[in-house]
Amino acid sequence: MSITFNADEIFEMAEEIEHNAVEFYREAAGKASDAATKNMLEDLAMMEDGHEKTFAQMRQELSSGEKEATVFDPDNEAAQYLRTMAAFHGTEGKASPTEKLTGKETLAELLKIALQAEKDSIAFYVGIKGLVPARSGKDKVEKIIIEEMAHVSTLGAKLQSCLLYTSPSPRDRTRSR
């Protein structure tokens, strides 16, 4: 028997993953040593919160066929499986799968953690999309991927800006030789 899911189950999981990311950014903001870093992390938490709400709205707009169970599951094990996957998925919402934030991370380090987490999320959703039949909302899972790709772009721009802002000038690098 093959395992399949519907879009409703995937969106439920996506909401949980975004919720974890909100907690990550709020925790990081709470440990930030300067106001600029704290503000950027709070902005990122709000962006993830918006993502969670976007996925909740998209989930509400699913058709009944996209919410219909794809397999006989009287004990609701598929939903429990997806919740577990969301809770332990990659690193979105964590410094790493096993580490907590120390509060000593630089803004660039936090952005790199977040960027890698978003990339991992995209790979995760691309993989899970193959487990959603077309009649069960496979095209809707593609919308999650597109949302996550936009977030990668946003985080990448913030990281680039951060690195440019904190990089020594060419003249400073010459002096240190």
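None of these values were measured; they are calculated from a predicted model.

**Some remarks on the side chain of Glu52**
(1) Moving on: By the secondary structure assignment, Glu52 is in helix 2 (residues 35–60).
(2) Moving on: Of the side chains with opposite charge, Arg26 comes closest to the buried, unpaired Glu52, at an N-O distance of 7.3 Å.
(3) Moving on: The residues contacting Glu52, other than those within four sequence positions of it, are Glu15, Glu18, His19 and Val22.

**Here's the deal with helix 2**
(1) Moving on: Between its first and last C-alpha, helix 2 extends 37 Å over 26 residues, near the 38 Å set by a 1.5 Å rise per residue.
(2) Moving on: All of the buried residues in helix 2 are Thr37, Leu41, Leu44, Ala45, Glu48, His51, Glu52, Phe55 and Met58.
(3) Moving on: Capping the start of helix 2, Asp34 holds a side-chain oxygen 3.2 Å from the backbone nitrogen of Ala36, two or three residues further along.

**Brief notes about the pattern of salt bridges**
(1) Moving on: Under the definition given, this model contains nine salt bridges.
(2) Moving on: A salt bridge links Arg59 to Glu15; the shortest N-O distance between them is 3.6 Å. Here the residue Arg59 occupies a position in helix 2, and Glu15 occupies one in helix 1 (residues 7–31), the gap between them amounting to 44 residues.
(3) Moving on: Its relative accessible area of 16% is what places Glu15 among the buried residues.
(4) Moving on: Across the pair Glu66 and Lys140 runs a salt bridge whose closest N-O atoms are separated by 2.7 Å. One end of the pair, Glu66, is in helix 3 (residues 64–67); the other, Lys140, is in helix 6 (residues 138–166), with 74 residues separating them in the sequence. In this pair, the class of Glu66 matches that of Lys140, namely buried.
(5) Moving on: Within this structure, Asp8, Glu12, Glu15 and Arg59 form a network of salt bridges that share partners.

Criteria and thresholds
- Residues numbered from 1 in each chain as written.
- Predicted model: local features only at pLDDT ≥ 70, side-chain atom pairs only at ≥ 80, totals over all residues.
- Heavy atoms only, no water.
- Helix = DSSP H or I, 4+ residues; strand = E, 2+ residues; numbered from the N terminus.
- Buried < 20%, exposed > 50% of the residue type's maximum accessible area, 1.4 Å probe, protein only.
- Lys, Arg positive; Asp, Glu negative; His and termini not counted.
- Salt bridge = Lys/Arg side-chain N within 4 Å of Asp/Glu carboxyl O.
- Contact = heavy atoms within 4.5 Å.
- Expected span 1.5 Å × (residues − 1).
- Polar contact = N/O pair within 3.5 Å; in protein donor to acceptor, adjacent residues only side chain to side chain.

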